[in-house]
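Chain by chain, the residues:
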Amino acid sequence: MFGYDFLVIGSGVAGLTYALKVAHHYPQAKVAIVTKADENESNTKYAQGGIAVVVDRTSDSYEQHIQDTLKAGDGLCNPEIVKTVVTQGPKRLRELVQWGADFDRKSNGKYDLGLEGGHSKNRILHHKDITGLEIEKTLLSQVHNTPNIKVLSQHFAVDLITQHHLEPRPNDLSEQTQCYGAYIFNAMTGKIETFTARITLIATGGVGQIYQNTTNPIIATGDGIAMAYRVKALIDNMEFIQFHPTALYHPHISPSFLISEAVRGFGGLLRNKSGALFMHLYDQRKELASRDIVSRAIDSELKKSGDECVFLDCRHLDLKDFKKHFPNILQKVNEIGIDLKQDMIPVVPAAHYLCGGITVDESGQTSVENLFAVGECACTGLHGANRLASNSLLEALVFAHAGYLKSVELVEKIIIPKNIPSWNEEGTVQPKELILITHNLRELQVLMSDYVGIIRSKERLSRAASRLKVLYEETEALYKRTKISPQLIELRNMITVAYLVVQQSQARKENRGVFYQTNPSDGMVYN
Ligand code: FAD
Ligand code: SIN
């Protein structure tokens, strides 16, 4: 049994920022960060475009960033949260810069601000096209210099510990659920260890891997959301899966490489296979309409033509300048034989971001006591039905700060019970073969892509629900009789989050933001 004051699950921007803040505030406190892969593996590491912050209030304003966020969110954002996040942006950015993060500047010393879809102003700070890597490296180096933080990689959170686990069980379980830490699978020893904590933070990121085509790395399996759901935390807005319009079309390569929206901000144009521009047919902002609109437009073009991809045309752009801004993207397309002066980049939409997640209040507190959630796994009210580009790194920084403030207010009052049992794996055996897991995983990804994609329908959703039920039953049976492996836990979690996406899609009555459902009469015409 390991005892901590703060247990942070996940080492992306959300988990690392929160850990740094609580550890600096309480140098005597014991802080653990558990993370299931290498310490830097995360969605954060792959973020390209940057972070949306109003830094120049002569050419931009909080009000404009707020309005852009609200417009993208299609009426479902919480305006108070939007205001808080936008207005706190500059402070949180300054902190990140003080920790060592470097954002590109122009020759006059001012930040070089990029433009992305849905933004009425250039306000995206970036480090070339590898902003996430810069942020992840900066935060990790700070964490390594903070003696009271222990980073445990290859440590996989399996389940949260609540009063329902205690032995003997309390007579009255009716009071609000309280979290006392988590059971963690140590991949180095193959054992499940008990980590108790006064405060637990879920910062496990998104769910992109429930789809066949996604920009998310393999860690994005929704573990934290599934764990929270199992202890009955509130989960909301799961139907709002954001598809990024321009993932590189490179069949059989997963995850999909992202061609940043900033490339369209830089002048890249979308054309169909016959070379025709088409975005003007869908929105007057053309290539820089918000993502839901661009993704649906591409989907519609592909359905009409039967083609497998559309193209991003950069042939007219200044290649030298392009290289300066997007060296990583240029290197990738060159590697697969694309010469930007002559060739267009084949692109398709891919699952990219979860706008919903574990419901939290303005401090990042979930509906379970002592349990916080920050980052992509959380539903804060910022994104509503559709996240505005580059608002998620910002959200993670702002809510990590809010969560830290609330946590230090609460932590000293929290007492961990003594009677927490170890993980019980009695009656389980080593799995004989992994094919049952990998086959069900493939099936899950195909059914989510086919039936719960950019355009949904009642019929497809109900098909998805019945297929998911079979996968759920088979996987639960396997889970009960076999010893735990990361693959099995992930599959189980992915089925849970897929179920939540389908269930909450079925409950939604009208189309909003990234949620679009056809009805038989509308013939898929977008307005
Ligand atoms: P993550 O960074 O995903 O970190 C999650 C962590 O949890 C990982 O360390 C993971 O290993 C760990 N974990 C997961 N499950 C478990 C478990 N069971 N046990 C232990 N550890 C676990 N947003 C922007 O604002 N601007 C951008 O330019 C941008 N570009 C993007 C480009 C790409 C290709 C992608 C995929 C996303 C992009 N996003 C961007 C979105 C943004 O990167 C993410 O929303 C954000 O980084 C999420 O941070 P996080 O800390 O919540 O989660
Ligand atoms: C991108 O660079 O296009 C990704 C930005 C984001 O997801 O916010």
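Residues numbered from 1 in each chain as written. Chains lettered and ligands numbered in written order. Predicted model: local features only at pLDDT ≥ 70, side-chain atom pairs only at ≥ 80, totals over all residues. Heavy atoms only, no water.

K.L.:
Explain the sheet that holds strand β14 (residues 357–359) to me, using residue names and the numbers behind them.
P.N.:
Strand-to-strand pairing in sheets goes through backbone hydrogen bonds, with the strands running parallel or antiparallel. Within the open sheet, the three strands sit side by side as β9-β14-β16. Their pairing is mixed. Two strands close off the open sheet at either side, each with one partner strand: β9 (235–236) and β16 (378–379). Relative to the sheet, helix α5 (residues 223–230) contacts β9 and β14, its axis offset from that of β14 by approximately 45 degrees. (Pairing = 2+ DSSP bridges. Helix = DSSP H or I, 4+ residues; strand = E, 2+ residues; numbered from the N terminus. Contact = heavy atoms within 4.5 Å. Axes fitted to C-alpha atoms, helices over the stretch in contact; angles between N-to-C directions.)

K.L.:
Report on helix α1 (residues 13–25), specifying residues and quantitative values.
P.N.:
One full turn of an α-helix is made of 3.6 residues, so residues set three or four places apart face in the same direction. For α1, spanning 13 residues, the distance from its first C-alpha to its last is 18 Å, which sits close to the expected 18 Å at 1.5 Å a residue. Taken across its 13 residues, α1 has eleven buried, putting it largely inside the fold. Burial in α1 covers these residues: V13, A14, G15, L16, T17, Y18, A19, L20, K21, V22 and A23. (Expected span 1.5 Å × (residues − 1). Buried < 20%, exposed > 50% of the residue type's maximum accessible area, 1.4 Å probe, protein only.)

K.L.:
Break down the site of ligand 2 for me, citing the residues and quoting the values.
P.N.:
Around ligand 2, the surrounding shell consists of Q48, G49, E116, H244, L258, S260, E261, R291, H352, R387, A389 and S390. For ligand 2, an oxygen atom lies 2.6 Å from a polar atom in the backbone of E261. A breakdown of the residues in the shell around ligand 2 according to their chemical character gives two nonpolar, six polar and four charged. (Near = heavy atom within 4 Å. Polar contact = N/O pair within 3.5 Å; in protein donor to acceptor, adjacent residues only side chain to side chain. Nonpolar A, V, L, I, M, F, W, Y, C, P; charged D, E, K, R; others polar.)

K.L.:
Hey, could you go over the sheet that holds strand β13 (residues 345–354) for me, with residue numbers and the actual values?
P.N.:
Ordered in space as β10-β13-β12-β11, the four strands form an open sheet in which the pairing is antiparallel. Here the strands that pair on one side only, and so sit at the sheet edges, are β10 (241–248) and β11 (269–271). Each strand axis lies, on average, 45 degrees off the axis of its neighbour in the sheet, ignoring direction. Looking at chain direction, β10 and β13 are connected through six bridges and run antiparallel. Across the sheet, residue A247 finds its bridge partner in β13, namely V348. Here helix α7 (residues 291–305) sits on the sheet and contacts β10, β11, β12 (310–313) and β13; the angle it forms with β10, its principal contact strand, is near 60 degrees.

K.L.:
Got a sec to walk through empty space enclosed by the protein? Specific residues and values, please.
P.N.:
Applying the stated criterion across every chain, the model contains four cavities of 30 Å³ or more. Of the pockets and cavities examined, the largest cavity occupies roughly 50 Å³. Along the walls of the largest cavity sit I241, Q242, F243, D292, S295, R296, I454 and V514, which together make up its complete lining. For the lining of the largest cavity, the secondary-structure elements that each account for two or more residues are β10 and α7. Taken together, the residues that form the lining of the largest cavity break down as four nonpolar, two polar and two charged. Here the lining of the second largest cavity is built from residues that sort into five nonpolar, two polar and two charged. (1 Å grid on protein atoms, 1.4 Å probe; cavity = no way out; pocket = protein on both sides within 12 Å on 5 of 7 lines; lining within 4 Å. Points joined across faces, edges and corners; volume = space filled by probe spheres on them.)

K.L.:
Please provide a residue-by-residue account of the site of ligand 1, values included.
P.N.:
Close contacts around ligand 1 come from 38 residues, with T44, G50, D223, E376 and S392 the closest. Within the contact set of ligand 1, an oxygen atom lies 2.9 Å away from a backbone nitrogen or oxygen of N43. In the model, a nitrogen atom of ligand 1 is placed 2.8 Å from a nitrogen or oxygen of the D223 side chain. Notes on ligand 1: free accessible area 1000 Å², of which the protein chains cover 98%. Only α1, β6 (155–162), β13 and α10 (392–410) provide two or more residues apiece to the shell around ligand 1. Take the shell around ligand 1: its biggest share by element is three residues, from β6. Along the lines of polarity and charge, the residues of the shell around ligand 1 split into 13 nonpolar, 20 polar and five charged. (Areas by Shrake-Rupley, 256 points an atom, 1.4 Å probe, with all protein chains shown as cover.)

K.L.:
Kindly report on the layout of surface pockets, identifying the contributing residues and their values.
P.N.:
Each pocket or cavity is described by its volume, and for the largest pocket that value is around 1400 Å³. The wall of the largest pocket is formed by 48 residues, among which Y211, Q212, N213, T214 and S449 lie closest to the centre. Of all elements in the fold, only β10, α7, β13, α11 (435–451) and α13 (486–507) reach the threshold of two or more residues within the lining of the largest pocket. Looking at the lining of the largest pocket, the element that brings in the most residues is α11, giving eight residues.

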